[in-house]
Each structure stands twice: as structure tokens, then as C-alpha cells.
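# Breakdown of the fold
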Amino acid sequence: NQPLAIITGSSSGVGLYAAKALLARKWRLILAVRDPQKMELAAKAHQFDSSQYEIWQLDLGNLDSVRAFVKRFNDSGQKLNALLCNAATYLPLLKEPARSPQGFEISVATNYFGHYVLSRMLLENLIQTAKAHEHARLITLGTVTANSEEFGGKVPIPAPADIGALEGLMAGFKAPIAMINGKPFKPGKAYKDSKLCNMVMNRELQKRYHASTGVIFNTLYPGCVAETALFRDTPPLFQKIFPWFQKNITKGYVSQELAGDRVAQVVADPHFTQSGVHWSWGNRNSAIREPFAQELSMKAKSEKLSKDLWEITAKLVGMP
Ligand code: NDP
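Below: a short report on this structure. Worth saying up front: this structure is predicted, and the values here are computed from it rather than measured.

## Side note on the packing of helix 3 (residues 63-76) against helix 4 (residues 106-131)
As a packed pair, helix 3 and helix 4 sit with axes 9 Å apart at the nearest point and diverge in direction by 20°. Regarding the angle of helix 3 to helix 4, the classification is roughly parallel. In terms of crossing hand, the pair formed by helix 3 and helix 4 is right-handed. Residues L63, V66, R67, F69, V70, F73 and N74 of helix 3 pack against F113, G114, V117, L118, M121, L122 and N125 of helix 4.

## With respect to the layout of surface pockets
The calculated volume of the second largest pocket comes to roughly 150 Å³. As for the second largest pocket, its lining consists of 13 residues, of which R203, G276, V277, H278 and Q294 are closest to the centre. When residues of the lining of the second largest pocket are traced back to their parent elements, those giving at least two are helix 6 (187-213) and strand 7 (277-280). With three residues, helix 6 is the largest single contributor of residues to the lining of the second largest pocket. Here the lining of the second largest pocket is composed, by residue class, of four nonpolar, six polar and three charged.

## A look at unusual backbone geometry
At the junction of I157 and P158, the peptide bond is cis and its omega measures out at -10° in the coordinates. The residue P158 is located in the loop between strand 5 (137-141) and helix 5 (167-170) in this model. Residue A175 is joined to P176 through a cis peptide bond whose omega torsion reads 5°. You can see P176 is positioned in the loop between helix 5 and helix 6. We note that L166 has phi near 65°; this positive angle belongs to a residue other than glycine. Within the fold, L166 resides in the loop between strand 5 and helix 5. Residue L166 is classed as buried on the basis of its relative accessible area, which comes to 1%. Notably, K251 is not glycine yet its phi reads approximately 60°, a positive angle. With respect to the helices, strands and loops of the structure, K251 is situated in the loop between helix 7 (236-250) and helix 8 (256-268).

## Re the nonpolar core
Within the largest apolar cluster, 56 residues are counted, with the highest numbers of intra-cluster contacts made by I6, F69, L83, F113, Y116, L118 and L169. If you list the elements that add at least two residues to this core, you get strand 1 (4-8), strand 2 (28-33), helix 3, strand 4 (82-85), helix 4, helix 6 and helix 10 (303-317). Looking at which element gives the most residues to this core, the answer is helix 4, with 12 residues. In terms of nonpolar packing, the next biggest core, distinct from the first, is built from 37 residues, L16, I55, V266 and W279 among them.

## Things to note about the pairing of strand 4
Side chains A82 and L84 project from strand 4 onto one buried face, and the interleaved L83 and C85 project onto a second face that is buried too. Pairing of strand 1 with strand 4 involves three bridges; the strand directions are parallel. Bridge assignment links I6 to a residue of strand 4, and that residue is L83. Bridge count between strand 4 and strand 5: four bridges; the pairing is parallel. For L83, the partnering residue across the bridge sits in strand 5 and is L138. The parallel pair strand 4 and strand 5, bridged by helix 4, forms a crossover whose chirality is right-handed.

## Notes on the sheet that holds strand 8 (residues 292-293)
Taken together, eight strands build an open sheet; the order of strands is 3-2-1-4-5-6-7-8 and the sheet is mixed. Every interior strand has two partners, whereas the edge strands, strand 3 (53-57) and strand 8, have only one. Bridge analysis of strand 2 against strand 3 gives five bridges, and the strand direction is parallel. In the sheet register, A32 faces strand 3, and the bridge partner there is W56. Sitting on the sheet, helix 3 touches strand 1, strand 2 and strand 3, and the angle it makes with strand 3 is about 145°. Packing of helix 6 onto the sheet brings it into contact with strand 5, strand 6 (216-221) and strand 7, and relative to strand 6 it is tilted by some 160°.

Reading guide: rules and limits
- Residues numbered from 1 in each chain as written.
- Predicted model: local features only at pLDDT ≥ 70, side-chain atom pairs only at ≥ 80, totals over all residues.
- Heavy atoms only, no water.
- Axes fitted to C-alpha atoms, helices over the stretch in contact; angles between N-to-C directions.
- Helix = DSSP H or I, 4+ residues; strand = E, 2+ residues; numbered from the N terminus.
- Parallel < 35°, antiparallel > 145°, perpendicular 65-115°, else oblique.
- Left-handed = near helix turned anticlockwise from the far one by under 90°.
- Contact = heavy atoms within 4.5 Å.
- 1 Å grid on protein atoms, 1.4 Å probe; cavity = no way out; pocket = protein on both sides within 12 Å on 5 of 7 lines; lining within 4 Å.
- Points joined across faces, edges and corners; volume = space filled by probe spheres on them.
- Nonpolar A, V, L, I, M, F, W, Y, C, P; charged D, E, K, R; others polar.
- Buried < 20%, exposed > 50% of the residue type's maximum accessible area, 1.4 Å probe, protein only.
- Core = buried A, V, L, I, M, F, W, Y, C linked by side-chain atoms within 4.5 Å.
- Pairing = 2+ DSSP bridges.
- Right-handed = clockwise from strand over helix to strand, strands pointing away.

Following this line, the structure appears as C-alpha cells:
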């Protein structure tokens, strides 16, 4: 009777180390990844016990792939204890917006739309688990750079997250529109905006479903994991300096092991049963830091914004 989690984007970085930490807690895992071969190599390199995991293909940037993944899972008849929405793409050097097969800007399509559809389609399974009084959590990675309540969320490179009044989504979010607020394309900001949407989506999930179902909905910021592949498309000099800067100047740096363990705590551990929280360990990190509920910006907490975002996203991805 091992609990089961689905983890998106576990082939590297935080997701890989979160998988490792959950396996150590004796969880069973479905590793939902874009590249199964890469995942297999990573699992072998980290000596994952092959009886504890399965690798399933999932491209979050393609809504057909998300729907096929959920169908496969539902057909398998398994009970889900946790969905961990971890995968993300960050493409700060794009000159022109890249598009998903459905025609949406790719960072928002992958990081936000893909997880929105996955979360909503797997929710009924989590609700049934919670109804049976078993562990049922939906956990999503947020980030400091998308939260203007914090210093890291105010950095104007290339601009702070700002989804405006969702003008770009309201206008259909297809070419030439590439930003949620309908303004000119800024690839680094598209990532931040998508992560802000992840955090706003969690608030709406909490509002709609927590009290009536008992499913726990949280986001978290595990610290600045400056050495992951997330930064693979940044300039080489940035990739050299950024970890040093985070270790020595901001002290925000955390190792992939520590970040992965923090994620596993929020997914699995008994003292994370409060729902509707954005968990953080702060920005000046050390292994002994205690987690706390981090406030989100006023904008992210706006009830109207989260309702509007939920509804317009549903329309764009073809859900009721
Ligand atoms: P990585 O790049 O190491 O991991 C991202 C994962 O997402 C990879 O496994 C990648 O797969 C996967 N992925 C990307 N695109 C898709 C897709 N279309 N479909 C399925 N999977 C996809 O970065 P991190 O570990 O740093 O990031 C993990 C999460 O942590 C993200 O949500 C990020 O926003 C968040 N985060 C990271 C921080 C940091 O400092 N690194 C700080 C705060 C939050 P592939 O290997 O095939 O590309």
C-alpha cells in the first residue's frame, strides 16, 4: 500500500531530486517526462529502485499529450495520492515567441496551461483519494521571481511578472499575441508570468475545492537552485556567475538535494497539512531554515483575478 505520486519534469534538477527524496520515503512514482530515455539514464545514475517507479511520456507543451497521459493514467485504475507539478521551461534568449502545437506562446503553454489541464483532469482522482481519508495533495512549484511581495519579484530584468487584466488571454493568446497582458514579447518575463499563473491557479483550486473535498493544494519556493538545467538557455557567462552570486552575495543558493527534499516534504510529510499555502524557506538559505507560509503579492491574491484566470484559461484549453 505504498502512496503514489506523479511528478512532472523529473528528468533533471529539482524534480529529479524530489523523486529521489520521495523514493527514500518509500513512495511509488510515475515519472512524467518529455524524454523517457533521458529519465531512464538519470534514474540509473541515481540508483532508483526500479520496482518503485515507472516512466511515462508527457509533453506539457502539447495539450494532446497531456490528455493522452491522463487517459492512460485513468485507464490504469490507480489511486493517486499526490500530483507534483514541477516541470518548467525558461527560454530567456528567444527573439521571437516559440509556439506550442496549439499555437500558444511556449513558456505559458508548458508551465501553466499544461499543468492547468493536468491538474484539473487528475483532480477527480485526488478527490476520491481524499474521500477515502487518504493522503491527497496537489503541489505546484512557484517561484520568488514571480512574487512582487518579495525583493526577488521586483527585479526588473527583463521586467517583473505582470499579467495585467489578462488582456492577451482574453484576445485568444495566439499569434501575434505572446504575453498574458497583451504587451510586447519579453521571453524572460513570459516565464515569470507563467509561474505567477501557477501560484494564482493554486489559490483558485484552494477556493473551489479544498473545503468540500479535503484535497490539499499548495505551492512552494524551495530556494534558488542556481545550478539546474533551468538556466541552460541563459548566456554562458551568466551560468558561471549566477551560482557564485547566489552562494556568496544573496545567500539564496540551495543545492539540488536540499531543494528536492523540501519539495518532498511538502508533498509527503505530515506537518504540511495546511492547505492554500505558498511555502518558503526564505531567501537567505541554510539547511536549518524552517519553512513558513510566504505571503503573495496583492495582485496574486485578488479573488477576481484568480477567478478570471481560471475561466479564461478553461476557455482557451477547451474545458468547461
Ligand atoms: P530543470 O530544467 O532542471 O527541470 C525542468 C524539468 O522540466 C526538466 O525535467 C524538463 O525536461 C522538464 N520540462 C521542460 N519542458 C517540458 C515539457 N514540455 N514537458 C514535460 N517536461 C518538460 O529546472 P529546475 O529543476 O530548476 O526547475 C524545476 C521547477 O522548479 C520549475 O517549475 C521551476 O520554475 C522551479 N523553480 C526553480 C528554481 C531554481 O532556482 N532552479 C527556483 C524556483 C522554482 P527536459 O529535461 O526534457 O528538458
